[in-house]
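Structural features, examined
One letter stands for each residue in the lines below.
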Amino acid sequence: MTVLKQFDPPGHLTDLDANGRAVWSSFISEQFDASAAGRRDHLNDAPRARFYNPTRVDTAPDAQTSDISWIAFPRNIKVNSVADVQRWRRADASRDVQDEYCEWSVTRNEQGQITRVDFTCEGPEYWEVLAQLDPARVVRLYQEFVSPKVSQGDLFDASGNYVRRNPWNTGTVQGAMHLVQGANTLSAEIELAAAATIVRVVNDTELTSEQELIKCSQYGDATRNSDPHIGGVVNGLARLDADITLANPVGLYFDDLSTAGWESPDGSDPKRFWTYTRGEEGHPVRAAFEVPASENFTVSDIRVGGQPIRFGAQIADFISIRLTGVACRIGKSRVAPMPCVAPTLDVTGAPVTPAPVVAAGPSPSAAIRDMDVIATR
């Protein structure tokens, strides 16, 4: 196989022109390079020689892909709640707790019944690139997917900078255009995948369990559904003595909605009310669960496990999110395993709690400046 010409936008979205796609590819490429280099201030975390940038290194003919999926409902909320209604209410109350790379917003009618729930797994970095290159398109997309009332002044500050947490993309009742929870970024996805490619040994024994690996390598939040599982699957590929990357287009995608055990008032399959609204087939980045008014019932009239849907979070219980890893040159990688990441010490010599996974490379703004692109205003 040849070297990838450039990274495509998530979901093969068509919002960017040729120049914009080049900017996006450059940004993602820099994220790959930075993540492959590793955290130089963490002993035994650099370089991550098994992780490669497919626009610089070829993907060999023996390449195998591996879909990695997890449940969208935030595990942190689930394990710290004592009842289903409590956890559903808490998850619906704030986007900041929706930390499994899936966020949502709930629409209700005057009677308080749910008529629609919008879900997104779209990373914020893409929107920052698009906003700098084509702010008018950003406004149009918000008007299409969130509300026709959106204006440019709602989305950009006085200096013309795009605001991720704008009035139409902050809470859980007035729209969710893209991810805003601090850990829900494409940069974090790339960094986590790269960190997980290091095979870890303790007392000459390779670590294999998800919790052992995430604690040893310190890549993400061990209490989430996503991070330990992503790391565990990626590390399993690395233990095949393979080189690892992420499939193009790099992104987070909806995998499925399982409606087993759901009941509609008319006896039909509730799955028919689930639609993907953005992204190509096989790579959806936006979805909605909506019962049309013509059906004469609402989302709240559908029962899940015998209970009516009162919260968007009840649907999130049955949504899976995925990313796709790629392994090649299987059995040929000769990168030596490493011990666990040594704890960072403060000036007194005391261990410092590792920081959460964040972007390893430059921001989208920096990528645009590096490409010497003049934003269209």
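Remember, predicted model here, so these are calculated numbers, not experimental data.

Sheet architecture is open: four strands sit in the order β2-β3-β10-β9, paired in antiparallel fashion. A strand with exactly one partner marks an edge of an open sheet, and here the two such strands are β2 (103-108) and β9 (274-278). Each adjacent strand pair in this sheet contributes to an overall mean axis angle of 20°, direction not counted. In this structure, β2 lies alongside strand β3 (residues 114-120), joined through six bridges in antiparallel fashion. Its bridge partner lying in β3, Arg-108 is registered against Ile-114.

Further remarks concern the state of the cysteines. Here the structure, examined in full by the defined rule, presents one disulfide. Note on cysteine connectivity: Cys-216 is disulfide-linked to Cys-340, with sulfurs 2.1 Å apart. The sign of the S-S torsion, about -110°, decides the handedness of the disulfide formed by Cys-216 and Cys-340: left-handed. Separated by 124 residues along the polypeptide, Cys-216 in helix α8 (residues 210-217) and Cys-340 in the loop between β13 (319-328) and β14 (344-345) bring together distant segments of the chain. With no disulfide of its own, Cys-102 lies closest to Cys-121 among cysteine sulfurs, the gap being 6.7 Å.

Time to look at the environment of Ser-268. With respect to the helices and strands, the residue Ser-268 is situated in the loop between β8 (262-263) and β9. A polar contact of 2.9 Å, which involves the side chain of Ser-268, links it to the side chain of Arg-272.

Attention now goes to the environment of Asp-227. Secondary-structure assignment places Asp-227 in helix α9 (residues 226-238). Accessibility expressed as a relative area gives 3% for Asp-227, which makes it buried. Between the alpha carbons of Asp-227 and Val-82 there is a distance of 23 Å; along the sequence they are 145 residues apart. For Asp-227, the side chain forms a polar contact with the side chain of Arg-224, separated by 3.2 Å.

Attention now goes to the side chain of Thr-197. Within the fold, Thr-197 resides in the loop between α7 (186-195) and β4 (201-202). We classify Thr-197 as buried; its relative accessible area is 1%. With near-sequence residues (within four places) excluded, Thr-197 lies in contact with Arg-48, Arg-50, Phe-51, Val-234, Ala-238 and Ile-244.

Between α8 and α9, the least distance of the axes is 8 Å, while the angle of their chain directions is 95°. With respect to each other, α8 and α9 are oriented roughly perpendicular. Contacts between α8 and α9 involve Glu-210, Gln-211, Leu-213 and Ile-214 from the first element and Asp-227, Pro-228, His-229, Gly-232 and Asn-235 from the second. Of the residues belonging to the contact of α8 with α9, the class tally is three nonpolar, four polar and two charged.

Let us look at the nonpolar core. Within the largest apolar cluster, 89 residues are counted, with the highest numbers of intra-cluster contacts made by Phe-119 and Ile-315. A per-element tally of this core places α7 first, with seven residues. Residue contacts for Ile-315: discarding those within four places in its chain leaves Val-117, Phe-119, Leu-257, Trp-262, Phe-289, Val-299 and Ile-309. Within the second largest apolar cluster, five residues are counted, among which are Tyr-52, Ala-60, Ala-247 and Val-326.

Our focus in this paragraph is the pairing of β13. Counting buried residues in β13 gives 10 out of 10 residues, a clear majority hidden from the surface. As judged from the eight bridges shared by strand β1 (residues 64-71) and β13, these two strands associate in the antiparallel manner. Bridged to Ser-69 within β13 is Arg-322. Pairing of strand β6 (residues 243-246) with β13, which is carried by four bridges, proceeds in the antiparallel orientation. Across the sheet, residue Leu-246 finds its bridge partner in β13, namely Gly-325. Here four bridges tie strand β7 (residues 253-257) to β13, and the two strands are oriented antiparallel to one another. Bridge pairing in β13 links Phe-254 to Ile-321.

Next up on the list: helix α4 (residues 124-133). Burial within α4 is extensive, with nine of its 10 residues counted as buried. Those residues of α4 that fall on the buried side of the exposure criterion are Pro-124, Glu-125, Tyr-126, Trp-127, Glu-128, Val-129, Leu-130, Ala-131 and Leu-133.

Okay, the pattern of salt bridges next. On inspection of all chains with the given rule, the structure shows 23 salt bridges. A salt bridge links Arg-39 to Asp-45; the nearest nitrogen and oxygen atoms lie 2.8 Å apart. For Asp-45, a relative accessible area of 0% puts it in the buried group. Across the pair Arg-95 and Glu-103 runs a salt bridge, and its minimum N-O distance is 2.7 Å. Classification of Glu-103 as buried rests on a relative accessible area of 0%. Via salt bridges that share partners, Arg-39, Asp-45, Arg-48, Glu-191 and Arg-200 belong to a single interconnected network.

Residues Leu-213, Ile-214, Cys-216 and Ser-217 constitute the buried set of α8. Seen end-on, α8 carries its buried residues on one side only, within an arc spanning 165°. Considering only its buried residues, α8 is in contact with α7 and α9.

The rules behind these values
Residues numbered from 1 in each chain as written. Predicted model: local features only at pLDDT ≥ 70, side-chain atom pairs only at ≥ 80, totals over all residues. Heavy atoms only, no water. Pairing = 2+ DSSP bridges. Helix = DSSP H or I, 4+ residues; strand = E, 2+ residues; numbered from the N terminus. Axes fitted to C-alpha atoms, helices over the stretch in contact; angles between N-to-C directions. Disulfide = S-S within 2.5 Å. Polar contact = N/O pair within 3.5 Å; in protein donor to acceptor, adjacent residues only side chain to side chain. Buried < 20%, exposed > 50% of the residue type's maximum accessible area, 1.4 Å probe, protein only. Contact = heavy atoms within 4.5 Å. Parallel < 35°, antiparallel > 145°, perpendicular 65-115°, else oblique. Nonpolar A, V, L, I, M, F, W, Y, C, P; charged D, E, K, R; others polar. Core = buried A, V, L, I, M, F, W, Y, C linked by side-chain atoms within 4.5 Å. Salt bridge = Lys/Arg side-chain N within 4 Å of Asp/Glu carboxyl O. Arc of directions from axis to C-beta.

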